[in-house]
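A closer look at the structure
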Amino acid sequence: MGKLLIKERQLVTPGDILAKGLDFLPGYGTFRENEEIKSKILGLAKIKDRLISVISLSGVYSPKPGDGVIAKIIDIQPTFWIADINSPYDAILQLGEAVSEYIDLSKTDISIYFDIGDIIYTKILNVSKSKQVTLTMNDYRAKKLLGGRILKITPTKVPRIIGRQGSMVELIKKYTGCQIVVGQNGIVWIKGENETLAARAINMIEE
């Protein structure tokens, strides 16, 4: 029988044994050695079903209230969605923060609003002391992002991509003809005919 040796969000260091046995699978930031799963990096343990991963603490996004972020819906519950915000902490989007009208939950499947895999631009509403992150769509910029491509950059480099008063990102938009949305969490959404060129320009600025 496999044995799990760590808890969700536990801080682990390189070489730490996370699980024993073959019942668990190594994910990002981990490796298998004989019948043990060990951490490759310093980070926070993440456990999903049988998959064990470690999210690096190096250059990760630390959510702050008011930040505009690009998130991916990864799970749906009866009254809320769970979203990946490129952080060690998943975020919750409550129904009341996503939809303004009254919803009869006995007759409505909330996946008609947001479904698993959907990409949204949203706002960090609150971050509790225990790092519970809540989101809101109550912002004029908040919306579902359809099509396009996603680019990940180092979150600390976001101001460089945006430029002073948005000058840099506007320049890229102008010369590529692309729509570009930059999240404070290091996720960039690009849509247009020259997506590859826009992505190359953003990577060059980051470097």
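These figures come from a predicted structure and were not determined experimentally.

**A look at the pairing of strand E11 (residues 91-94)**
As defined by bridge partners, strand E10 (residues 80-84) adjoins E11 across four bridges and the pair is classed as antiparallel. For Ile82, the partnering residue across the bridge sits in E11 and is Ile92. What sits between E10 and E11 in their antiparallel hairpin is a turn of six residues, with Asn86 showing a positive phi close to 60 degrees. The sheet contact formed by E11 and strand E13 (residues 133-136) spans two bridges and is parallel. Looking at the pairing, Ala91 lines up with Val133 of E13.

**Digging into the layout of surface pockets**
Here the largest pocket is characterised by a volume of approximately 480 Å³. As for the largest pocket, its lining consists of 21 residues, of which Asp84, Asn86, Ser87, Lys152 and Ile187 are closest to the centre. Broken down by element, the lining of the largest pocket gets its largest block of residues, three residues, from strand E9 (residues 68-77). In terms of residue class, the lining of the largest pocket is built from 11 nonpolar, six polar and four charged. Counted as a void, the second largest pocket has a volume near 260 Å³. Considering the residues around the second largest pocket, the lining is formed by Glu8, Lys46, Ile47, Lys48, Leu51, Ser53, Ile74, Asp75, Ile82, Asp84 and Asp90. Elements supplying a minimum of two residues to the lining of the second largest pocket: strand E7 (43-48), strand E8 (51-56), E9 and E10.

**A few points about the nonpolar core**
Of all hydrophobic cores here, the largest spans 24 residues; its most connected members are Trp81, Ile85, Leu93, Phe114, Ile124, Val133 and Leu135. Only E9, E10, E11, helix H1 (95-98), strand E12 (119-127) and E13 provide two or more residues apiece to this core. Apart from residues lying up to four places away in sequence, Val133 is in contact with Pro63, Ile85, Tyr89, Asp90, Ala91, Ile92, Ile124, Asn126 and Val127. Grouped together as the second largest cluster of nonpolar side chains are 15 residues, Val158, Val169, Val182 and Ile202 included.

**As for the environment of Gly186**
Relative to the helices and strands, Gly186 is located in the loop between strand E16 (179-182) and strand E17 (187-191). Note on Gly186: relative accessible area 0%, which makes it buried.

**Let's talk about unusual backbone geometry**
Look at Asn86: it is not a glycine, yet its phi comes out positive at around 60 degrees. By the secondary structure assignment, Asn86 is in the loop between E10 and E11.

**Thoughts on the packing of aromatic side chains**
Considering all chains together, one arrives at one aromatic pair under this definition. Ring centres 5.4 Å apart and planes at 75 degrees place the aromatic pair Trp81 and Phe114 in the edge-to-face group. With Trp81 in strand E10 and Phe114 in the loop between H1 and E12, this pair connects stretches of sequence that are 33 residues apart. Accessibility classification places Trp81 together with Phe114 in one group, the buried group.

**Some words on the environment of Tyr121**
Looking at the element boundaries, Tyr121 is found in strand E12. In this structure, the C-alpha to C-alpha distance between Tyr121 and Lys191, residues 70 residues apart in sequence, is 14 Å. Not counting residues up to four positions away in its chain, the partners in contact with Tyr121 are Gly68, Val69, Ile70, Met137, Arg141, Ala142, Lys143, Leu145, Val181 and Val182.

Definitions and cut-offs
- Residues numbered from 1 in each chain as written.
- Predicted model: local features only at pLDDT ≥ 70, side-chain atom pairs only at ≥ 80, totals over all residues.
- Heavy atoms only, no water.
- Pairing = 2+ DSSP bridges.
- Helix = DSSP H or I, 4+ residues; strand = E, 2+ residues; numbered from the N terminus.
- 1 Å grid on protein atoms, 1.4 Å probe; cavity = no way out; pocket = protein on both sides within 12 Å on 5 of 7 lines; lining within 4 Å.
- Points joined across faces, edges and corners; volume = space filled by probe spheres on them.
- Nonpolar A, V, L, I, M, F, W, Y, C, P; charged D, E, K, R; others polar.
- Core = buried A, V, L, I, M, F, W, Y, C linked by side-chain atoms within 4.5 Å.
- Buried < 20%, exposed > 50% of the residue type's maximum accessible area, 1.4 Å probe, protein only.
- Contact = heavy atoms within 4.5 Å.
- Phe/Tyr/Trp six-rings, centres within 6.5 Å; stacked < 30°, edge-to-face > 60°.

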